[in-house]
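# Tertiary structure, described
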Amino acid sequence: MVRKNWHSLPEYQAFRALMETGTASAAAARLSLSQPAVSRSIANLEARTGYILFERDGGRLRPTAEALQLNRRLDPLFDALARIDGPIEPVRETLTLIAPPSYTHRYLVDICSSFMRAKPDYNLRILVATNDDMPRYVLEHSCDLALVGVDMTRSGLKTIPFRRSPAVCALPSDHPLAAKDQIEPTDLRDENLISLTQNNITRGKFDRIMAQAGVYKPPVMEADTWQFAADMVKEGAGVSILNPFPSALYADDRIVYRRFNAPIRFTTTFFSSEDRPLSHVGRAFLRHVRLTTPQDGFSEAL
């Protein structure tokens, strides 16, 4: 029984060269070997496989059917060797980022598009989720980096503070209160309030402040995102207490922002998994964000 328990790359190279050139001398010249060395490699290969691979036909060696079949089987091997010898293909790193709609709506569109122009060798994957859902994605390693507009402290998460903002009152640009530099809680006594939903931590702080000022009343509308609330203000539906970042970055003649005199502060934070170091593309993205985010007149970098 023929034993085939080992392989010889020099034998395969001699065989391949002989298949392509047709003569032992030409194969030897291609491989920078002597003709006897090529002949020995072919003889050893025939002995190991148990097949006659070439028959002499005049001055050339004619491959047998077994040689043709072996040559086809060796194609993947020589394709792999060609890839090894060729230039190293660049690996395109991908960053998976998750954020709530208030940031993906426009801010991340601008940031991600400029990042892709500056770093064309990187790929981005953007996911949208609520603040409550994002820690699970990061802890399960379904994403690399998250961006939130609330304080996020949880075991297994590494926080990267980004910006701090005071609360502002978003007003229609033609509203009488737009003439003021700062809005007091009592200024909102008779206003239609557009508030965040009850599951937002800021909503509870705002309700307590309004109650302490003696002017609390239920909102006319609840919104799940700052961006939606700001858009409703633009439509004249009421006024809203918001995080100015990133809404105040984008000028719009239908809305103005004024500081709200209350101890409400927002921290915009990135976070990642503590047990997995942030990738090179993740670090590059954070640098890009810090360098390219414009000033909005309210928030400050951390």
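Up top you'll find the structure we're talking about.
Bear in mind the structure is a predicted one, so any value in this text is a computation, not a measurement. (Residues numbered from 1 in each chain as written. Predicted model: local features only at pLDDT ≥ 70, side-chain atom pairs only at ≥ 80, totals over all residues. Heavy atoms only, no water.)

Within the protein chain, the regular secondary structure consists of 11 helices and 14 strands. The C-alpha atoms of the protein chain give a radius of gyration of 35 Å, which is well past the 19 Å a tight globule of 302 residues would have. Its C-alpha atoms put the protein chain at 110 × 40 × 30 Å along the principal axes. For the protein chain, buried positions account for 47% of its 302 residues. When the accessible area of the protein chain is evaluated, it comes to approximately 16400 Å², of which 51% is carbon and sulfur surface. (Helix = DSSP H or I, 4+ residues; strand = E, 2+ residues; numbered from the N terminus. Rg over C-alpha atoms; globule rule 2.2 N^0.38 Å. Buried < 20%, exposed > 50% of the residue type's maximum accessible area, 1.4 Å probe, protein only. Areas by Shrake-Rupley, 256 points an atom, 1.4 Å probe, with all protein chains shown as cover.)

Attention now goes to the layout of surface pockets. One number sums up the size of the largest pocket: a volume of about 610 Å³. Lining the largest pocket are 27 residues, and of these Asn-131, Val-150, Asn-199, Asn-200 and Ile-201 sit closest to its centre. When contributions to the lining of the largest pocket are tallied by element, the ones reaching two or more residues are α6 (101–104), α9 (201–212) and β13 (265–273). In terms of residue class, the lining of the largest pocket is built from 11 nonpolar, 10 polar and 6 charged. (1 Å grid on protein atoms, 1.4 Å probe; cavity = no way out; pocket = protein on both sides within 12 Å on 5 of 7 lines; lining within 4 Å. Points joined across faces, edges and corners; volume = space filled by probe spheres on them. Nonpolar A, V, L, I, M, F, W, Y, C, P; charged D, E, K, R; others polar.)

Tallied over the entire structure, the rule returns 1 cavity of 30 Å³ or more. In this model, the largest cavity occupies a volume close to 80 Å³. In terms of lining residues, the largest cavity is bounded by Leu-193, Ile-194, Ser-195, Leu-196, Thr-202, Arg-203, Phe-206, Val-239, Ser-240 and Ile-241. Going through the elements one at a time, β9 (194–196), α9 and β11 (240–242) are the ones with two or more residues in the lining of the largest cavity. A per-class count over the lining of the largest cavity returns 6 nonpolar, 3 polar and 1 charged.

This part is about the packing of aromatic side chains. Within this structure, the stated rule accounts for 10 aromatic pairs. Consider the rings of Phe-115 and Phe-285, whose centres lie 5.3 Å apart with planes at 75°: the pair is edge-to-face. Of the two residues, Phe-115 is situated in helix α7 (residues 107–118) and Phe-285 in helix α11 (residues 280–292); the sequence distance between them amounts to 170 residues. Like Phe-115, the residue Phe-285 is buried in the burial classification. One aromatic cluster is present, built from ring pairs that chain together Tyr-103, Tyr-107, Phe-162, Trp-226, Phe-245, Phe-266 and Phe-270. Above the face of the Tyr-137 ring, Arg-136 is positioned so that its terminal group lies 4.8 Å from the ring centre. The aromatic ring of Phe-162 is capped on one face by Arg-163, whose charged end is 5.8 Å from the ring centroid. (Phe/Tyr/Trp six-rings, centres within 6.5 Å; stacked < 30°, edge-to-face > 60°. Lys NZ or Arg CZ within 6 Å of the ring centre and 35° of its normal.)

A few words now on the side chain of His-175. With respect to the helices and strands, His-175 occurs in the loop between β7 (168–172) and β8 (182–183). The class of His-175 is buried, set by a relative accessible area of 15%. A distance of 3.0 Å separates the side chain of His-175 from the backbone nitrogen of Leu-177, its partner in a polar contact. The residues contacting His-175, other than those within four sequence positions of it, are Glu-191 and Val-239. (Polar contact = N/O pair within 3.5 Å; in protein donor to acceptor, adjacent residues only side chain to side chain. Contact = heavy atoms within 4.5 Å.)

This brings us to the nonpolar core. Counting residues in hydrophobic clusters, the biggest one holds 58 residues, and the most contacted among them are Tyr-107, Leu-188, Phe-270 and Phe-285. When near neighbours in sequence (up to four residues on either side) are disregarded, Phe-285 contacts Leu-95, Leu-97, Leu-108, Ile-111, Cys-112, Phe-115, Leu-124, Leu-145 and Phe-270. By size, the runner-up hydrophobic cluster in this structure holds 18 residues, among which are Tyr-12, Leu-53, Leu-61 and Ala-67. (Core = buried A, V, L, I, M, F, W, Y, C linked by side-chain atoms within 4.5 Å.)

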